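Observations on the three-dimensional arrangement
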Amino acid sequence: MNSMKKERSRTDLAGLVSVWLLAAFALGQIGNYLILGGFTAFFTVLVFEVLIMLLAAIAWRGRMPWLLIGVAVGCYVLHFIMSYPEYGDFNWNLMGQCVVAALVGVVGTLLQIRHKEHIGRFPFLLCGVTVLILAVFFASWYGFTQQGRQAEGSPRRELWAVPAMYDSVESGEPGTIEEIVYDTKAYGTDGRDVQKRALVYLPYGYDGTKPYNILYLMHGTGDDENYWLRTNGSNKTMLDRMIETGAIEPLIVVTPTFYVEDDFRSGDTTLDPLTFSFREELRNDLMPLVESRYSTYAETADDAGFAASRDHRAFAGLSRGSVTTAHSALCGSLDYFSYFGMFSAFRTQESYLRETIRSEAFKDLPIRYLYMTTGNFDFAQPNQIRGYRMLLELEPRLQWGVNTCFDTFPMRYHSIGNWHLALYNFLQKIF
């Protein structure tokens, strides 16, 4: 009997230690996001850490160590979607919580089974508080999301969801998608001649005798030129509907790819050289072909024509496509573009920004709008927020709330739901 009490007290002690360790990691995680800034990200992390602590307290007070295994799974999932090694911003606090919860959960459960220990007095108050917080949190999320989905009337900035009227109803006036093949070079490696494809979206009733604004839209790592318009057809539906309803003016959208055959695909640790070298392909090969074949505001498909029509041209991308937007469009082609969208990434060094957009050639060119977005569970968020702050301090042409803003989408992570919403908002800000 004394032996059982001793083992039981050890089980309780392990539970108490786990609570304190989890609390220490929780404070570190909350502190990181408090320093980083951004209310939605901080608030969400705060709520989830409070829930983790409540579950740990329930497991300890109720002598139910197996609950900690569920806590470990939750922490692992959050760590997985909020961390990416190449960005250098691991959420190690979450992984620490995962390891502590898993170890104490497994060991405590085995001890409980071995000694046939009963569950302790059930902590009704703690459970009630936990259920209440969960109910309020998810009810709020569901309510705001549904409110966004059901919104009608003129489009406006949305943080929760794209209104269903724009992406769940097929347009009676659909645009068309054409494929183009163009000659270019492997600018990032050996300069060999290659051929590549891109998709071109033309609005309903496209008229080759009138000029159109044009948006170049880039995919992310592992995808291709089909990603925006074919792989995720809701983006095309949204374009069709926004044009049909008069929410935006008809425009041309081009979706290229930064990949070049097998360059940087086998054994290479980074694709970043392609985010820089795409500048040459864009300026020398893709734009001259597209804007000589289709009717844009460029009167001539050359440097003079592109520079004169830059206020009618935008570039945006997601993830590594966002990095490409920064390196090849904002920094590399500010003389050709006035509008920029960066969704879920920004990894540009201050020195490179000073060499490019602050150079004599670019420093006096207006930046009409820069739109940055992320999800509050997006692993790109920490670097993106820091980079955006640095950019605002460096670049006087960017004024918060005037020609730039940063949106954090609640309950979104590194996925198409995040980027679909970003594109919806971006389309309202350009031209």
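Structural notes, computed from the coordinates.

Our next topic: the packing of aromatic side chains. Throughout the structure, instances matching the rule amount to 24 aromatic pairs. With a centroid separation of 6.4 Å and an interplanar angle of 75°, the aromatic rings of Trp228 and Phe343 are classed as edge-to-face. You can see Trp228 sitting in helix H7 (residues 227-231) and its partner Phe343 sitting in strand E6 (residues 339-343), a full 115 residues away along the chain. An identical accessibility class is assigned to Trp228 and Phe343; each is buried. Through a chain of ring-to-ring contacts, the aromatic side chains of Tyr227, Trp228, Phe343, Tyr371, Trp419 and Phe426 assemble into a single cluster. Positioned above the aromatic ring of Trp60, the side-chain terminus of Arg61 is 5.4 Å from the ring centre.

An order of E1-E2-E4-E3-E5-E6-E7-E8 is seen for the 8 strands of this open sheet, with the pairing classed as mixed. Two strands close off the open sheet at either side, each with one partner strand: strand E1 (176-185) and strand E8 (404-409). In this sheet, neighbouring strand axes are inclined to one another by 20° on average, regardless of whether the strands run parallel or antiparallel. Here 4 bridges tie strand E3 (residues 213-218) to strand E4 (residues 251-255), and the two strands are oriented parallel to one another. Bridge assignment links Ile214 to a residue of E4, and that residue is Ile252.

This structure, assessed with the given rule, holds 3 cavities of 30 Å³ or more. Here the second largest cavity is characterised by a volume of approximately 60 Å³. The element contributing the most residues to the lining of the second largest cavity is helix H2 (residues 39-61), with 5 residues. For the lining of the second largest cavity, the residue count by class is 7 nonpolar, 2 polar and 1 charged.

Here we take up the packing of helix H3 (residues 67-82) against helix H4 (residues 92-114). In helix packing, the relevant descriptors are the interaxial angle and the interaxial distance, both defined with respect to the helix axes. Contact pair H3 / H4: the axes reach a minimum separation of 8 Å and the direction vectors enclose 160°. It follows that H3 is roughly antiparallel to H4 by the angle criterion. For the pair H3 and H4, the crossing hand works out as left-handed. In this structure, H3 uses Leu68, Ile69, Val71, Ala72, Cys75, Tyr76, Leu78, His79 and Met82 to contact H4, whose residues at the interface are Leu94, Met95, Gln97, Cys98, Ala101, Ala102, Val104, Gly105, Val106 and Thr109. In the contact of H3 with H4, the residues fall into 15 nonpolar, 4 polar and no charged.

This next bit is on the nonpolar core. Counting 51 residues, the largest nonpolar core has Tyr216 and Leu286 as the members making the most contacts within it. For this core, the element with the most residues is helix H9 (residues 272-293), which contributes 6 residues. The next biggest cluster of nonpolar side chains, apart from the first, holds 33 residues, and it includes Tyr369, Phe409, Tyr424 and Ile430.

The next subject is the pattern of salt bridges. Scanning the model with the defined rule gives 25 salt bridges in all. Across the salt bridge formed by Glu395 and Arg358, the nearest N and O atoms sit 3.4 Å from each other. Taken together, the positions of Glu395 in the loop between helix H13 (381-394) and E8 and Arg358 in the loop between helix H12 (350-355) and strand E7 (369-375) put the pair 37 residues apart, joining distant regions of the chain. You can call Glu395 buried: its relative accessible area is 0%. Exposure remark for Arg358: the relative accessible area of 28% places this residue in the partly exposed category. Residues joined by salt bridges that share partners form a network here, namely Glu179, Arg197, Glu225 and Arg230.

Moving on, we come to the pairing of E4. Within E4, 5 of the 5 residues are buried, leaving the element largely enclosed by the surrounding structure. Residues of E4 alternate between two faces, with Leu251, Val253 and Thr255 on one and Ile252 and Val254 on the opposite face, all of them buried. As defined by bridge partners, strand E2 (residues 193-202) adjoins E4 across 3 bridges and the pair is classed as antiparallel. Bridged to Leu199 within E4 is Thr255.

Most of helix H11 (residues 320-330) is tucked away, with 11 of its 11 residues classed as buried. For H11, the complete set of buried residues consists of Arg320, Gly321, Ser322, Val323, Thr324, Thr325, Ala326, His327, Ser328, Ala329 and Leu330. Of the surrounding secondary structure, the elements contacted by the buried residues of H11 are E3, H9, strand E5 (313-318), E6 and H12.

Rules used throughout
- Residues numbered from 1 in each chain as written.
- Predicted model: local features only at pLDDT ≥ 70, side-chain atom pairs only at ≥ 80, totals over all residues.
- Heavy atoms only, no water.
- Phe/Tyr/Trp six-rings, centres within 6.5 Å; stacked < 30°, edge-to-face > 60°.
- Helix = DSSP H or I, 4+ residues; strand = E, 2+ residues; numbered from the N terminus.
- Buried < 20%, exposed > 50% of the residue type's maximum accessible area, 1.4 Å probe, protein only.
- Lys NZ or Arg CZ within 6 Å of the ring centre and 35° of its normal.
- Pairing = 2+ DSSP bridges.
- Axes fitted to C-alpha atoms, helices over the stretch in contact; angles between N-to-C directions.
- 1 Å grid on protein atoms, 1.4 Å probe; cavity = no way out; pocket = protein on both sides within 12 Å on 5 of 7 lines; lining within 4 Å.
- Points joined across faces, edges and corners; volume = space filled by probe spheres on them.
- Nonpolar A, V, L, I, M, F, W, Y, C, P; charged D, E, K, R; others polar.
- Parallel < 35°, antiparallel > 145°, perpendicular 65-115°, else oblique.
- Left-handed = near helix turned anticlockwise from the far one by under 90°.
- Contact = heavy atoms within 4.5 Å.
- Core = buried A, V, L, I, M, F, W, Y, C linked by side-chain atoms within 4.5 Å.
- Salt bridge = Lys/Arg side-chain N within 4 Å of Asp/Glu carboxyl O.

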